[in-house]
Amino acid sequence: MSVKAVKIRNVDLKYDEQLVLDDICLDIDEKDFMAIIGPNGGGKSTLLKLILGILKPDSGDVKVFGRDPVKSRKLMGYLPQHINFDPDFPINVFDTVLTGRYHGLFKGYTDKDREAVLKVLDDMEIKDLKDRQISKLSGGQMQRVFIARAIVREPKILIMDEPMASIDPEMQSSFYNLMARLNKKMAIILVSHDVGAVSTNVDKIACLNRKLYYHGDVENSAHGLEEIYHCPIELISHGIPHRILKDH
Amino acid sequence: MLEIFQYPFMQKALVAAVLISVACGVVGSYVVIKRIVSLSGAISHAAFGGVGMGYFLGVNPVLAAIPFSIVSAMAIGGVRQVAKISEDTAIGILWSVGMAIGVIFINLTPGYAPDLFSYLFGSILTVSNSDLLIMLVLDVIIVVVVYIFRREFLAVSFDEEFSSVTGVHALAIYLLLLALVALSVVVLIKAVGVILLIALFTIPAAIAKQYSYNIRNLMILATMLGIILTTTGLVLSYIFDLASGATIVMVLASAFAISYYLNG
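Criteria and thresholds
Residues numbered from 1 in each chain as written. Chains lettered and ligands numbered in written order. Predicted model: local features only at pLDDT ≥ 70, side-chain atom pairs only at ≥ 80, totals over all residues. Heavy atoms only, no water. Helix = DSSP H or I, 4+ residues; strand = E, 2+ residues; numbered from the N terminus. Buried < 20%, exposed > 50% of the residue type's maximum accessible area, 1.4 Å probe, protein only. Contact = heavy atoms within 4.5 Å. Areas by Shrake-Rupley, 256 points an atom, 1.4 Å probe, with all protein chains shown as cover. Phe/Tyr/Trp six-rings, centres within 6.5 Å; stacked < 30°, edge-to-face > 60°. Pairing = 2+ DSSP bridges. Axes fitted to C-alpha atoms, helices over the stretch in contact; angles between N-to-C directions. Parallel < 35°, antiparallel > 145°, perpendicular 65-115°, else oblique. Left-handed = near helix turned anticlockwise from the far one by under 90°. Disulfide = S-S within 2.5 Å. Core = buried A, V, L, I, M, F, W, Y, C linked by side-chain atoms within 4.5 Å. Expected span 1.5 Å × (residues − 1). Arc of directions from axis to C-beta. Patch = residues over 30% accessible without salt bridge, like charges linked within 9 Å, V, L, I, M, F, W, Y side chains within 5 Å. Salt bridge = Lys/Arg side-chain N within 4 Å of Asp/Glu carboxyl O. Lys, Arg positive; Asp, Glu negative; His and termini not counted. Charge placed at Lys NZ, Arg CZ, Asp CG, Glu CD.

J.: Before we move on, can you summarise the overall build of chain A with the specific residues and values?
T.: For chain A, the helix and strand inventory stands at 6 helices and 9 strands. Taken across its 248 residues, chain A has 53% of its residues classed as buried. Residue pairs in contact within chain A that sit at least 24 positions apart in sequence constitute 66% of those at least 6 positions apart. Per element, the accessible surface of chain A, about 11500 Å² overall, is 49% carbon and sulfur.

J.: Give me the lowdown on the packing of aromatic side chains, citing residues and values where you can.
T.: All names here are of chain B. Across all of its chains, the model carries 15 aromatic pairs over all chains by this definition. Measuring from ring centre to ring centre gives 5.4 Å for Tyr-7 and Phe-9, while their planes differ by 10°; the resulting arrangement is stacked. Among the residues examined, Tyr-7 registers a relative accessible area of 36% and is labelled partly exposed. Relative accessible area serves as the criterion here: at 33%, Phe-9 is assigned to the partly exposed category. Arranged with centres 6.4 Å apart and planes meeting at 40°, the rings of Tyr-7 and Tyr-238 form a pair that is tilted. Highlighted residues: Tyr-7 in the segment before α1 (8-33) and Tyr-238 in helix α10 (residues 215-240), separated in sequence by 231 residues. Using a relative accessible area of 30% as the deciding quantity, one classes Tyr-238 as partly exposed.

J.: Residues and numbers for the pairing of strand β9 (residues 211-217) of chain A, please.
T.: All names here are of chain A. Relative to β9, strand β8 (residues 204-209) runs antiparallel, the two sharing 6 bridges. Looking across to β9, one finds that Asn-209 is bridged to Lys-211. Between β8 and β9, which follow one another and run antiparallel, lie 1 residue, and Arg-210 among them has a positive phi close to 70°.

J.: Break down the sheet that holds strand β5 (residues 76-79) of chain A for me, with residues and values.
T.: All names here are of chain A. The sheet built from 6 strands is open, its strands ordered β5-β6-β7-β3-β8-β9 with mixed pairing. Pairing within the sheet leaves two strands with one partner each, and these edge strands are β5 and β9. If you compare each strand with its neighbour and ignore which way they point, the axes differ by 15° on average. As paired elements, strand β6 (residues 157-161) and strand β7 (residues 187-192) share 5 bridges and run parallel to each other. Within β7, the residue paired with Met-160 across the bridge is Leu-190. Running over the sheet, helix α4 (residues 139-151) touches β5 and β6 and is turned about 160° from β5. Against the sheet, helix α5 (residues 172-183) contacts β3 (33-37), β6 and β7, and its axis sits at roughly 145° relative to β7.

J.: Which residues make up the pairing of β6(A), and what are the values?
T.: All names here are of chain A. Where burial is concerned, most of β6 is hidden: 5 out of the 5 residues are buried. Here β6 shows two buried faces, one formed by Ile-157, Ile-159 and Asp-161 and the other by Leu-158 and Met-160. Here β5 pairs with β6 via 4 bridges, running parallel. Of the residues in β6, the one forming a bridge with Met-76 is Ile-157.

J.: Let's hear about unusual backbone geometry: which residues, and what values?
T.: All names here are of chain A. A positive phi angle, close to 50°, is found at Phe-65, a residue other than glycine. Along the chain, the position of Phe-65 falls in the loop between β4 (59-64) and β5. Phi is positive for Glu-125, close to 60°, though the residue is something other than glycine. Topologically, Glu-125 is positioned in the loop between α3 (111-123) and α4. Judged by its relative accessible area of 60%, Glu-125 falls in the exposed class.

J.: Can you explain the packing of α1(B) against helix α6 (residues 129-148) of chain B? Please cite residues and give values.
T.: Any two packed helices are characterised by the angle at which their axes cross and by the distance between the axes. Residues and elements named next belong to chain B. In the contact formed by α1 and α6, the axes pass within 10 Å of each other and the chain directions differ by 25°. Of the possible angle classes, the one that applies to α1 and α6 is roughly parallel. Handedness of the crossing formed by α1 with α6: left-handed. Of α6, the residues touching α1 (which contributes Lys-12, Val-15, Ala-16, Leu-19, Ile-20, Val-22, Ala-23, Val-26, Val-27 and Tyr-30) are Asn-129, Leu-132, Met-135, Leu-136, Asp-139, Ile-142, Val-143 and Val-146.

J.: Lay out the state of the cysteines in plain terms, naming residues and giving numbers.
T.: Residues and elements named next belong to chain A. Applying the stated criterion across every chain yields a total of 0 disulfides over all chains. Cys-25 takes part in no disulfide bond, and the closest cysteine sulfur, belonging to Cys-207, lies 16 Å away. Residue classification places Cys-207 among the buried residues on the basis of a relative accessible area of 0%.

J.: Any details on the nonpolar core? Residues and values, ideally.
T.: With 140 residues, the main nonpolar core has A:Leu158, A:Met179, A:Leu182, B:Ile124, B:Ile142, B:Phe153 and B:Ile189 as its most contacted residues. Considering every element that reaches this core, the biggest residue donor is helix α9 (residues 170-209) of chain B, with 27 residues. Every residue in contact with A:Met179, bar those within four places of it in the chain, is listed here: A:Phe33, A:Ile147, A:Leu158, A:Met160 and A:Ile188. Core analysis: the next-biggest nonpolar cluster, separate from the first, contains 31 residues, A:Leu48, A:Leu52, A:Ile159 and A:Val191 among them.

J.: So what's going on with α3(A)? Which residues, and what values?
T.: Residues and elements named next belong to chain A. The terminal C-alpha atoms of α3 lie 18 Å apart, and with 13 residues this matches the ideal 18 Å at 1.5 Å per residue to within 8%. Taken residue by residue, α3 has Asp-113, Ala-116, Val-117, Val-120 and Leu-121 as its buried positions. Projection of α3 onto a plane perpendicular to its axis shows the buried side chains occupying an angular sector of 130°, all on one side. Across α3 from its buried face, at more than 90 degrees, point the exposed residues Asp-111, Lys-112, Glu-115 and Lys-119.

J.: For a positive patch on the surface, give the residues involved together with the corresponding values.
T.: Residues A:Lys119, A:Arg181, A:Lys184 and A:Lys185 make up a contiguous surface patch of positive charge. You can see A:Lys185 is positioned in the loop between α5 and β7.

Below is the structure:
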């Protein structure tokens, strides 16, 4: 039997005595494309940080490929929600992506790392921007750079926090094409407060608002969404095809 | 005009200008891009507590400032981890408490503190050989540490959260960076004083940042600018008989204004 990419069991987490995550159990398989949906403040980013090992649960257990998240970090690629850097930050696209290949103290980047960076820039169709200073990019280009940085060490899971927030609506379909391509090689977890961000490519949904209300196939998720948003939800994607769910 | 450099005190001041510019160019670049200017201001003011302690104990105030500035740097950098106090609040507290400790130590020291003013506002013309030696040693430490940890410093300055996911021990690297800020403060104290030194941290790197997209070039350019601008300030202060620290700061500020204007 294969090991789950992510296995979360009975996880509780508190901030200042307030329960942010309540008894969460969640499995993610090796080639899953999962969207974690829920209102702002519902604990989505917190859950990602548990998977990444940035936060530790107060109780319960998180395993990534059967090991402690910190030990599995080499298998994870991460796209943070906000990257709050100085607009003149002295770094170009190439060096930004290269930081994704970090090996440890006293270990420099090798030619293999540099080749990997060029390859991923080529893959993301931003190779011609490699010498460009990072803030001299459009929102969509910058997002590709940060996705490149996340996947440059060929992770088994790509973890993205609100990836739709930083790109224009018309770029969503090309974003999802890219995700579909990456999904052949790795599991993808994305978090969004926007139900519309879920597209045809997503094959599993988890509805999170402190508790996990539903997780499973997209088709059956409407009830879970209603529960966390406290109103009926119609699932429509902005891409093509428009409707991802049957009428219900 | 060059004859003024035949005076030994001027030669020492010139050496001091080079030594402070290295600390400013290298560490100042991180201070500016990591946006820890006010934090560095707090460390520099807190260092005055060490200066006062040096007077009280009868040791070189520059040396006594080292533990003070390092401890305050660690306190500000680590406060979020151990207590519910924001970094901003910690900056405000340590900024003034360090100064207050310095004043009290000087009160407790019998007699008059003759060159106290020079630690507040700087006196690059009175740096001693032992001051220069301390500055040189600290510069060497700073450059070596930055060379060894350049990848980590860059990663943490750019995106702390992502860097920790790739395996950088972000907090430890951040504290190490703050320790370097603390050492740089000590390098700068004698030349421009605790109150004015933040200008030297900030301005050369801020000017250089307009011209360079590469951290190494940024550091080199900031160091060069530091040498040129502090020397200019030094000469002007001599010609017009003005306070050296204040003149240097005004030259830096003018250069920043001109550079900003030229860059549109």
